[in-house]
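Coordinates in review
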Amino acid sequence: MTSELKLKQKSKNNKMMYILVPVLVALFLIISFGIVSMQVELSQKNAELANINNEITRIENENKLLSRYQKAEYKVEYMESIARDELGYALPEERVYYIIPKD
């Protein structure tokens, strides 16, 4: 009788293992997928943060330059820079050279 009980116990344990092992494997895969997807998202957010920080630096530098032009002594310089850079104008005595890069 004890041998029958032991066989039933082993059979019950084997059935439990057949259920428990796939459940644990599935749980492991789900957790692994979650960790990997979080790492991918984290690296994307870090790249986005670096781009935003670069944009902030660029805008701060532009603001410093523009705040300089608020002073009366730099208004003429500002108008000249707009005329040259954005409108393509030049002073009468200036020569403008355009550098065309070779392809």
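Above this note sits the structure.
These remarks concern the structure in this document. Keep in mind it's a predicted model, so treat the numbers as computed, not measured. (Residues numbered from 1 in each chain as written. Predicted model: local features only at pLDDT ≥ 70, side-chain atom pairs only at ≥ 80, totals over all residues. Heavy atoms only, no water.)

Thoughts on the overall build of the protein
Test applied: Here a strand is any run of E in DSSP of at least two residues, a helix any run of H or I of at least four, and the numbering for each starts at the N terminus. When we talk radius of gyration, it's over C-alpha atoms, and the globule rule is simply 2.2 Å times the number of residues to the 0.38. A 1.4 Å probe rolled over the protein chains alone gives each residue an accessible area, and that area as a share of the maximum for its type sets the label: buried under 20%, exposed over 50%, partly exposed in between.
Looking only at helices and strands, the protein features two helices and zero strands. Its C-alpha atoms give the protein a radius of gyration of 36 Å, clearly above 13 Å, the size a compact globule of 103 residues would have. By principal-axis analysis of the C-alpha atoms, the protein measures approximately 115 × 40 × 15 Å. Of all 103 residues assigned to the protein, the portion counted as buried reaches 3%.

Some remarks on the environment of Glu60
Of note, Glu60 is situated in helix H1 (residues 2-68). Residue classification places Glu60 among the partly exposed residues on the basis of a relative accessible area of 45%. Sequence-wise, Glu60 and Glu41 are 19 residues apart; in three dimensions their C-alpha atoms are separated by 28 Å.

Topic: a nonpolar patch on the surface
The following threshold applies: Without a salt bridge and with relative accessible area above 30%, a residue can belong to a patch; like charges are then joined within 9 Å and nonpolar side chains (Val, Leu, Ile, Met, Phe, Trp, Tyr) within 5 Å. To measure how exposed things are, a 1.4 Å probe is used in the Shrake-Rupley method; for residues, cover is taken only from the protein chains shown. Salt bridge, as used here, is a side-chain nitrogen of Lys or Arg placed within 4 Å of a carboxyl oxygen of Asp or Glu.
Judged by side-chain polarity, Met16, Met17, Leu20, Val21, Leu24, Val25, Leu27, Phe28, Leu29, Ile31, Ile35 and Met38 come together as a nonpolar surface patch covering roughly 1200 Å² of accessible area. By the secondary structure assignment, Leu27 is in helix H1.

Side note on the pattern of salt bridges
When the charged atoms of two side chains with opposite charge come close together, those side chains can pair. According to the stated counting rule, one finds five salt bridges in the structure shown. Glu62 is the partner of Arg58 in a salt bridge, and the nearest nitrogen-oxygen pair spans 3.2 Å. Remark: Glu62 and Arg58 occur in helix H1; sequence separation between them is four residues, near one turn of the helix. Relative accessible area serves as the criterion here: at 43%, Arg58 is assigned to the partly exposed category. Looking at Glu62, the relative accessible area reads 38%, which means it is partly exposed. Residue Glu80 is joined to Arg84 by a salt bridge in which the shortest nitrogen-to-oxygen separation is 3.9 Å. Within this pair, Glu80 and its partner Arg84 are both found in helix H2 (residues 75-85), separated by four residues, close to a single helical turn. The exposure class assigned to Glu80 is partly exposed, which follows from its relative accessible area of 33%. Accessibility expressed as a relative area gives 33% for Arg84, which makes it partly exposed. The network of salt bridges with shared partners includes Glu55, Arg58 and Glu62.

Observations concerning the side chain of Ser81
Here is the rule: Throughout, a contact is declared for two residues whenever any of their heavy atoms are within 4.5 Å.
For Ser81, the location among the structural elements is in helix H2. For Ser81, a relative accessible area of 18% corresponds to the buried category. Residue contacts for Ser81: discarding those within four places in its chain leaves Tyr69 and Glu86.

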